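Chain by chain, the residues run as shown.
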Amino acid sequence: MSRQELFCITGFRIVTADLDRLVRFYSEVLGFAVQSEEHQIGQAEMALLGLSGSGLRQVLTLGQQTLSIDQFEHAGQPYPEGSDAASLWFQHLALVVTDIAEAYGCLRDAAPISLGGPQRLPASSGGVQAFKFRDPDGHPLEFLEFPQDNTPTAWRGRHPLPGQIGLGIDHSAISVADARVSAGYYRALGLQIGDRTLNEGPEQQRLDDLPDVMVEVVTMKPPEAPPHLELLGYRMQAGHEHAALQPNDVAATRIVWRGRAKELIRDPDGHLQQIETQEQSI
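Because the structure is predicted, anything quoted here is derived from the model rather than measured.

We now examine the overall build of the protein chain. Each helix and strand counted, the protein chain has five helices and 16 strands in total. In terms of C-alpha radius of gyration, the protein chain reaches 18 Å, essentially the compact-globule figure of 19 Å for 282 residues. Projected onto its principal axes, the C-alpha positions of the protein chain cover 50 × 40 × 35 Å. By residue count, 55% of the 282 residues in the protein chain fall in the buried class. Roughly 12100 Å² of accessible area belongs to the protein chain as shown, and the carbon and sulfur atoms make up 47% of that amount. When the 22 positive and 37 negative side-chain charges of the protein chain are each reduced to one mean point, those points stand 6 Å apart.

All chains considered together, the criterion is met by six aromatic pairs. Measuring from ring centre to ring centre gives 5.4 Å for Y26 and F32, while their planes differ by 85°; the resulting arrangement is edge-to-face. Each of the two residues, Y26 as well as F32, counts as buried. Put simply, the rings of Y104, F131, F133 and F143 pair up and form one aromatic cluster.

Glancing now at the environment of L30. Inspection of the secondary structure assignment puts L30 in the loop between helix 1 (19-29) and strand 2 (33-40). Spatially, the C-alpha atoms of L30 and G163 are 9.2 Å apart, while their sequence positions differ by 133 residues. Those residues in contact with L30 that sit more than four places away from it in its chain are F25, L62, L95, L107, F133, L141, F143 and I165.

Residues Y26, L30, F32, F143, L229 and L231 are the most contacted members of the largest nonpolar core, which totals 43 residues. For this core, the element with the highest residue contribution is helix 1, accounting for six residues. Core analysis: the next-biggest nonpolar cluster, separate from the first, contains eleven residues, A85, A86, F90 and I113 among them.

Turning our eyes to something else, we now look at the environment of A123. Of note, A123 is situated in the loop between strand 7 (119-120) and strand 8 (129-134). Under the relative-accessibility criterion, A123 is labelled exposed at 73%. Along the primary structure A123 and P226 are separated by 103 residues, whereas in three dimensions their C-alpha atoms are 22 Å apart.

Each value, and the rule that gives it
Numbering of residues starts from 1 in each chain and follows the order in which that chain's sequence is written. Two thresholds apply to this predicted model, a pLDDT of at least 70 for residue-level local features and 80 or more for giving and counting side-chain atom pairs, whereas whole-chain, interface and lining totals are computed over all residues. For side-chain calculations, the full set of non-hydrogen atoms in the structure is used, while hydrogens and water are omitted. In DSSP terms, a helix is any run of H or I states spanning at least four residues, a strand is any run of E spanning at least two, and both are numbered starting from the N terminus. All radius of gyration figures rest on C-alpha atoms, and the globule criterion is 2.2 Å times the number of residues raised to 0.38. Under the scheme applied here, a residue whose accessible area is under 20% of the maximum for its type counts as buried, over 50% as exposed, and between as partly exposed, the area being computed with a 1.4 Å probe on protein chains only. All accessible areas in this document rest on Shrake-Rupley with a 1.4 Å probe, and a residue is counted as covered only by the protein chains that are shown. This count recognises Lys and Arg as positive and Asp and Glu as negative, with His and chain-terminal groups excluded. Note on charges: their place is set at NZ of Lys, CZ of Arg, CG of Asp or CD of Glu. For this analysis, a ring pair means two rings from Phe, Tyr or Trp (six-membered ring only for Trp) whose centres lie within 6.5 Å, classed as stacked if their planes differ by under 30 degrees, edge-to-face if by over 60, and tilted for the remaining angles. The contact rule is simple, with two residues in contact once any of their heavy atoms fall within 4.5 Å. Side-chain atoms within 4.5 Å are what join buried Ala, Val, Leu, Ile, Met, Phe, Trp, Tyr and Cys residues into a set we call a nonpolar core.

Take a look at the structure:
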């Protein structure tokens, strides 16, 4: 075991060039609750990110999960054009809903990824209904409705809070070049391998808007969950590579973990993981 160890996900941080616009989308369209006022990102965290200047943060919640939206004085690159689900910078947040048709009907100012609306995946892929889309900045998101007879314990019997269309954030899924290598990397940090599926067929093709799709999905579970991490290893093509994302780039989503030591790390595909030592850090 390395000196670092991950115990749980405490939140997610996404980057925008227009904080007000993106906060409106997550609060008014997706029903996230806005927590207090926007505030300055502390200089210690800016130093950890390797960024100069200042940054603003607005904290939102969906159920028990926290999403922070960051805007930096020195803006980075916009979300890369031509991205698809196999691109190695791809990272989505999966929002659990109890009625995906209703949630889908609420979407506006969102660009669809999936074709033909929500897709019901076969039992071999979990039997869930899912729909992928992008927020106004290009960050990928997914609505996820579990079948009644196969709902994870954490979400069973729960109902959305007033004004919200989702129960919370189930996981963040990241595209990886080699699922075996990435699984080994996260196992060394204390996560355990959970379910493994090989998703393919017309439903997965419509969900990802990719031809001949075959994707290995590996669940990586921290000791305390949800949320958890999922690895997406697309086999039908090599994912688009990219220069290392900088923390102020729009595509540089950060999972925030409670861990043994405070640091910012990159996984084998460049995804950023921000580790705090507090139970909750916003």
